[in-house]
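Residues per chain, in single letters:
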Amino acid sequence: MLAKDHVALFFCSLAILFYSGTLFLNNKYLEEANKPIYFAPPTLIKHFSFGFSDLYADFLWIRLIQNVDFCNAQQGIPEYAGKSLYQCKKGWSYKMTDTLTELAPRFLAPYLISGSIMSVIMRDREGAQKIYDKGMKRFPDNWKLFFNAGYHYLLEMKDREKGAELFLKAAQNGGPPWLYDLSIKQYEESGKLLIARQILEELLEYSRLESVRRHIKERLRENEQRIKQLELSL
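Residues numbered from 1 in each chain as written. Predicted model: local features only at pLDDT ≥ 70, side-chain atom pairs only at ≥ 80, totals over all residues. Heavy atoms only, no water.

A.B. asks: Would you explain helix α9 (residues 193-206) in this entry?
C.D. replies: For an α-helix, the turn length of 3.6 residues means that residues three or four places apart are oriented alike. Taking 1.5 Å as the rise per residue, α9 with 14 residues should run 20 Å; its terminal C-alpha atoms sit 20 Å apart, in good agreement. By the burial criterion, the buried members of α9 are L193, A196, I199, L200, L203 and L204. All buried residues of α9 lie within an arc of 140 degrees about the axis, which places them on one face of the element. Summarising the geometry of α9, the exposed residues directed more than 90 degrees from the buried face are L194, E205 and Y206. (Helix = DSSP H or I, 4+ residues; strand = E, 2+ residues; numbered from the N terminus. Expected span 1.5 Å × (residues − 1). Buried < 20%, exposed > 50% of the residue type's maximum accessible area, 1.4 Å probe, protein only. Arc of directions from axis to C-beta.)

Shown next, in the form of structure tokens:
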């Protein structure tokens, strides 16, 4: 009688385990099935817009800003990059931005906003770089775009010289004067002391305010000292 009870208990336990496993798998499959699918139309869509490129770009932009920081394993391949930080390489956000900027090349917002989010939040370094590079070609006089791109190259790509170049362009295209200082500092930190001196000399030539000229002359003296120290160390 005892053996029969053990057999019954065994089969009951087996049935419970089977039922629990089935529920778990069903829930898992349902969860996967209920995940949204994000699709970015290819850039070739611009050849089939039939004169409505700007309208299609607006539709894509409205859709993009709802989930601009989205990235999943199928579209973007997140990679673990330490602690809780994941990066997304050329994912859905990049593809959407790339397509809508093909449809509307003169639409500035995607370059500024998507580029910044991909760079700072998503750590999509490659995607942000491509969007910024495309934007700077199409808006060669927009200082905000050059400033954002300079930040990306300096802090995300670890390229001081490129960051310095972009900060200088931002300053030359109407950005605040302190961008010159920022550019000069990055050139000096990257060892490009002669380029920094050239910028300072050009600024001195065109500056008229005496307070500004004094500041530039002081920076030039510091620059000359660093050049001499470098020459002595060689």
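A.B. asks: So what exactly am I meant to see when it comes to a nonpolar patch on the surface here?
C.D. replies: A grouping of L44, F48, F50, F52, L55, F59 and I62 is seen on the molecular surface, where their side chains present a nonpolar patch of about 800 Å² in accessible area. Turning to its location among the elements, I62 is positioned in helix α2 (residues 53-64). (Patch = residues over 30% accessible without salt bridge, like charges linked within 9 Å, V, L, I, M, F, W, Y side chains within 5 Å. Areas by Shrake-Rupley, 256 points an atom, 1.4 Å probe, with all protein chains shown as cover. Salt bridge = Lys/Arg side-chain N within 4 Å of Asp/Glu carboxyl O.)

A.B. asks: I would appreciate a short explanation of the pattern of salt bridges in the present structure.
C.D. replies: Two side chains carrying opposite charge are able to pair once their charged atoms lie near each other. A full pass over the atoms with the stated rule returns 15 salt bridges. The shortest N-O distance in the salt bridge between K169 and E165 comes to 3.5 Å. Separated by four residues within a single helix, K169 and E165 lie in helix α7 (residues 160-172), roughly one turn from each other. For K169, a relative accessible area of 32% puts it in the partly exposed group.

A.B. asks: Whenever I open this one, the packing of aromatic side chains confuses me. Can you help?
C.D. replies: One pair of aromatic rings is described through two measures. These are the centre distance and the angle between the planes. If you walk through the whole model with that rule in mind, you get four aromatic pairs. Between the aromatic rings of Y111 and F139, the centroid separation amounts to 5.7 Å while the plane-to-plane angle is 65 degrees, which identifies the pairing as edge-to-face. Here Y111 is found in helix α4 (residues 108-120), whereas its partner F139 is found in the loop between α5 (125-138) and α6 (143-156), with 28 residues between them in sequence. Judged by its relative accessible area of 0%, Y111 is buried. Seen in terms of ring centroids, F147 and F167 are 5.8 Å apart; in terms of plane orientation they differ by 45 degrees. Their pairing is tilted. Here the residue F147 occupies a position in helix α6, and F167 occupies one in helix α7, the gap between them amounting to 20 residues. In this structure F147 comes out as partly exposed when scored by relative accessible area, which is 25%. (Phe/Tyr/Trp six-rings, centres within 6.5 Å; stacked < 30°, edge-to-face > 60°.)

A.B. asks: Help me understand the environment of K46 in this model?
C.D. replies: Among the secondary structure elements, K46 is positioned in the loop between α1 (2-34) and α2. In this structure the C-alpha to C-alpha distance between K46 and L103, which are 57 residues apart in sequence, comes to 5.3 Å. Beyond its immediate stretch of four places on either side in the chain, K46 contacts S53, E102 and L103. (Contact = heavy atoms within 4.5 Å.)

A.B. asks: Explanation requested: the nonpolar core in the structure shown.
C.D. replies: Proteins that are soluble and globular tend to have nonpolar side chains buried together. Of all hydrophobic cores here, the largest spans 35 residues; its most connected members are L64, W92, M136 and L145. Of all elements in the fold, only α2, α3 (92-103), α4, α5, α6 and α7 reach the threshold of two or more residues within this core. If you look at the next biggest cluster of nonpolar residues, it comprises 11 residues, including I184, A196, L203 and I216. (Core = buried A, V, L, I, M, F, W, Y, C linked by side-chain atoms within 4.5 Å.)

A.B. asks: Help me understand the packing of α6 against α7 in this model?
C.D. replies: Helix-helix packing: each pair is described by the crossing angle between the helix axes and the interaxial distance. Across the interface, α6 lies against α7 with an axial gap of 8 Å and an inter-helix angle of 165 degrees. The angle between the axes of α6 and α7 places the two elements in the roughly antiparallel class. Note on packing geometry: the crossing formed by α6 with α7 is left-handed. Contact with α6, carried on its side by W143, F146, F147, A149, G150, Y151, Y153 and L154, involves R160, K162, G163, L166, F167, K169 and A170 of α7 and no other residues of that element. Grouping the constituent residues of the contact of α6 with α7 by class yields 10 nonpolar, two polar and three charged. (Axes fitted to C-alpha atoms, helices over the stretch in contact; angles between N-to-C directions. Parallel < 35°, antiparallel > 145°, perpendicular 65-115°, else oblique. Left-handed = near helix turned anticlockwise from the far one by under 90°. Nonpolar A, V, L, I, M, F, W, Y, C, P; charged D, E, K, R; others polar.)

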